[in-house]
2 protein chains.
Amino acid sequence: MTLLDGRRTGTIDHGGSLERARALFPKAPQPFVDLSTGINPHSYPLFELPATALSRLPEPGRARDLAAVAATAYGAPSAANVVPAPGTQILLSRIASLVRPGRAFVLGPTYQEHARAAAIAGHEVAEVRSFERLFEADLAVVVNPNNPDGRVVSRADLLDLATRLRAKGGLLVVDEAFMDVGPRAESVAGDVDLGGIVVLRSFGKFFGLAGIRLGFAIAQPAIAERLEEELGPWAVAVPALEYGIKALSDTAWHTEMRATLTKAAHRLDQAFARAGVIVTGGTSLFRHVDIEDAASLFAALGREGILVRSFADRPTQLRCGLPGTEVEWRRLDVALGDWAQDRQAAKGAKR
Amino acid sequence: MTLLDGRRTGTIDHGGSLERARALFPKAPQPFVDLSTGINPHSYPLFELPATALSRLPEPGRARDLAAVAATAYGAPSAANVVPAPGTQILLSRIASLVRPGRAFVLGPTYQEHARAAAIAGHEVAEVRSFERLFEADLAVVVNPNNPDGRVVSRADLLDLATRLRAKGGLLVVDEAFMDVGPRAESVAGDVDLGGIVVLRSFGKFFGLAGIRLGFAIAQPAIAERLEEELGPWAVAVPALEYGIKALSDTAWHTEMRATLTKAAHRLDQAFARAGVIVTGGTSLFRHVDIEDAASLFAALGREGILVRSFADRPTQLRCGLPGTEVEWRRLDVALGDWAQDRQAAKGAKR
């Protein structure tokens with residue numbers, strides 16, 4: 001048997017692995033403060049599931065309920081536009097396969113799994129730095145707001161791009177993984193019926209429940225149906241269905257959490273500022289810094305058991321998630337302060 | 001945008017939906033005794049997960065641990081042969097896409113999702129009744145032991161078929177969803193390194209944990225790697241990882257459960273026999289009957305709140321899972337007895 005499109009795409013390093021943290025900083029004080037992801041540390045309140053939650057197959061009707069609740073929460077035209085999936089990750093190569101192999105342009109630098117998924121689907125993939133280059137693509141991918149720098153593309157620009165791509169049989173994928181805390185007026189989840197647009201929404205990040213694996217594609221009903229057929233019945237586990245339905249309907253929690261996260265993000269910027277580091281962007285779930293001695297900061301924090309996200313190909317950048325407890329805030333403050341002092345001393349010594 | 005390979009394949013009716021049961025038999029006494037699936041009613045003992053199980057991303061190392069434990073439990077050559085997935089269902093169209101679109105033959109009648117998945121992958125699909133016809137396929141699918149009739153194909157025959165398919169670039173898929181209770185000597189999970197074979201193993205059925213969504217593909221490392229790349233990181237949710245690792249390593253539980261299920265299957269055969277129905281096959285997780293008045297039996301049981309599986313295209317066949325409690329056994333016994341009496345009376349009246 002010959003493997004079709006079997007190009008090796010390799011694995012990509014991501015944040016969120018304590019294993020990797022332990023390997024990098026074996027002598028760091030435990031437990032690690034994991035700020036390497038953009039996952040909300042204040043997760044949606046846990047609740048008891050009925051005993052049958054694990055034993056019985058997911059009910060098809062519960063998946064439909066979830067699609068309806070998600071449509072309302074995300075502003076999709078209707079439940080028929082929404083595909084619940086065990087995480088958005090598993091959808092990426094399926095979505096990239098909706099268009100014939102051609103040119104896939106990803107607006108970068110950004111979350112690297114999009115380029116990998118497009119390559120698996122047989123596209124010739126390039127990361128482009130200017131939005132205008134996306135007009136030349138068959139498949140264009142925009143993460144909005146962007147991870148890690150928080151760059152926002154306006155809804156008007158996205159709709160213009162989608163119109164042009166649609167005219168030539170192309171597709172625009174907008175990954176709104178962090179749009180729950182983003183400028184929601186720029187979401188295109190309500191515009192998918194125009195055609196040629198697939199929106200991705202992530203459940204685990206804003207609700208702090210990344211371990212249950214839940215995400216959504218939002219698209220024209222014909223595309224949504226196609227994706228659902230590929231996933232087959234029972235794609236979403238019962239715990240994910242139940243948490244999804246409850247948490248996505250809980251608008252009071254959403255509002256309160258957005259305020260909490262805005263405050264926490266501001267506090268994080270101040271913590272960096274006290275250490276002489278200016279935060280250059282991000283969302284309320286993570287902040288982004290770009291400084292010459294990012295590697296030294298990454299290592300100094302790591303030695304203190306604080307894990308932030310570094311980027312192999314962009315050595316001056318770091319991404320930092322939100323501490324969840326006062327103990328974690330304090331550890332970060334102290335570690336940042338110590339690093340700033342050492343940095344100051346080193347500068348003094350050079351003079 | 002044009003949908004590629006967008007043929008409508010529709011949804012397939014399956015067992016396991018209480019919603020559907022309520023719609024069919026609105027006046028039935030509740031709770032329903034759901035015997036419409038082959039899921040073990042004696043599920044693996046539930047245990048507490050750490051609070052971080054839902055909040056943190058799955059650790060890549062835990063997925064590797066799970067692959068190792070599954071390799072041992074299923075007799076795969078090594079962990080590198082094993083792909084953990086959120087249920088086998090989601091793998092079907094990906095596996096069917098490993099070979100260029102051609103002729104897909106499914107040994108039937110059997111679980112219908114295989115034909116649907118092969119169609120999605122662009123194959124010309126046919127259900128064939130004789131094993132020999134599979135030699136003509138590019139993609140051959142055998143469910144072993146078969147669902148619903150329990151038919152077993154020998155390992156020797158499967159390896160012979162795989163050799164012939166491999167020689168012409170074809171692929172054999174063996175769905176061993178019920179092999180945990182099947183004749184395990186006929187499993188080909190240990191033979192995948194020969195090439196041209198993908199084995200599917202289901203976690204939820206034998207362990208009675210269908211709601212957590214966990215299944216495995218077992219294949220040559222190159223194919224396993226390809227499938228893993230398509231799924232992307234974090235494909236399996238943390239609860240599924242943790243239950244999988246614990247339950248698949250618990251060989252004492254496996255042995256004891258196999259004995260329990262064998263006894264229960266025998267008891268079910270006797271219950272049918274007392275009602276004058278001869279069980280014609282199945283596995284220890286479900287039994288299969290083929291009688292002229294299957295529709296009347298299905299309806300009589302349904303009215304008593306006992307749901308078995310019927311087949312739209314095979315009106316004489318029923319599949320019946322195992323009752324889980326003495327109350328359920330008694331309800332089944334009574335309902336079968338009443339139906340048998342009515343049947344006897346009707347026969348008498350005809351004479």
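Scroll up for the structure.
Residues numbered from 1 in each chain as written. Chains lettered and ligands numbered in written order. Predicted model: local features only at pLDDT ≥ 70, side-chain atom pairs only at ≥ 80, totals over all residues. Heavy atoms only, no water.

Novice: Can you walk me through the environment of P221(B) in this structure?
Specialist: All names here are of chain B. Following the sequence through the fold, P221 ends up in helix α7 (residues 221-231). Under the relative-accessibility criterion, P221 is labelled partly exposed at 36%. Expressed as a C-alpha distance, the spacing of P221 and A80, which sit 141 residues apart in the sequence, is 5.4 Å. Residues within four places of P221 in sequence aside, it is in contact with A80, N81 and D193. (Helix = DSSP H or I, 4+ residues; strand = E, 2+ residues; numbered from the N terminus. Buried < 20%, exposed > 50% of the residue type's maximum accessible area, 1.4 Å probe, protein only. Contact = heavy atoms within 4.5 Å.)

Novice: Is there a simple way to think about the environment of A189(A) in this case?
Specialist: All names here are of chain A. Along the polypeptide, A189 turns up in the loop between β6 (171-175) and β7 (197-202). Of the residues examined, A189 reaches a relative accessible area of 0% and is grouped as buried. Residues A189 and N81 lie 108 residues apart in sequence; the distance between their C-alpha atoms is 9.3 Å. Dropping the residues within four chain positions of it, A189 is found in contact with Y74, G75, A76, P77, E176, V199 and I218.

Novice: I keep staring at the interface of chain A and chain B and nothing clicks. Help me out?
Specialist: By convention, interface size is frequently given as the accessible area that disappears when the constituent parts associate. With 72 residues of chain A at the interface, the matching set in chain B holds 72 residues. Here chain A packs against chain B, burying approximately 5600 Å² in sum over the two surfaces, 55% of which is carbon and sulfur. Across the contact surface, chain A and chain B share six salt bridges. In this structure, E19(A) engages R64(B) in a salt bridge whose closest nitrogen and oxygen atoms are separated by 3.5 Å. Looking at the side of chain A that touches chain B, the elements that each hand over two or more residues are α1 (18-24), α2 (52-55), α3 (60-74), α4 (92-96), α5 (113-120), α7 (221-231) and α8 (238-249) of chain A. Broken down by element, the side of chain A that touches chain B gets its largest block of residues, seven residues, from α7(A). Taken together, the residues that form the side of chain A that touches chain B break down as 33 nonpolar, 20 polar and 19 charged. (Buried area = accessible area lost by both parts, 1.4 Å probe. Salt bridge = Lys/Arg side-chain N within 4 Å of Asp/Glu carboxyl O. Nonpolar A, V, L, I, M, F, W, Y, C, P; charged D, E, K, R; others polar.)

Novice: I keep staring at the relation of the copies chain A and chain B and nothing clicks. Help me out?
Specialist: Comparison of the two chain copies shows a relationship of rotation about an axis with a shift along it. Of the transformation superimposing chain A on chain B, the axial component is 0.0 Å and the angular component is 180°, with the fit at an RMSD of 0.0 Å. Taken together, these values place the two copies in the relation of a two-fold axis. For chain A, the residue whose C-alpha comes nearest the rotation axis is P86(A), separated from it by 3.7 Å. (Least-squares fit on C-alpha atoms with pLDDT ≥ 70 in both.)

Novice: What's the story with the packing of aromatic side chains in this structure? I'm lost.
Specialist: How two aromatic rings sit relative to each other is given by the distance of their centres and the angle of their planes. Going through the model one piece at a time under the given rule, you end up with 22 aromatic pairs over all chains. Between Y74(A) and F216(A), the aromatic rings sit 5.6 Å apart at their centres with planes inclined by 65°, giving edge-to-face as the arrangement. Taken together, the positions of Y74(A) in helix α3 and F216(A) in strand β8 (residues 215-218) put the pair 142 residues apart, joining distant regions of the chain. Neither residue differs from the other here; Y74(A) and F216(A) are each classed as buried. The interplanar angle of 90° and the centroid separation of 5.9 Å between the aromatic rings of F131(B) and F135(B) together place this pair among those described as edge-to-face. In this structure, F131(B) and F135(B) share a single accessibility class: buried. Through successive ring pairs, a cluster of aromatic residues spans Y44(A), F203(A), F206(A), F207(A) and W253(A). (Phe/Tyr/Trp six-rings, centres within 6.5 Å; stacked < 30°, edge-to-face > 60°.)

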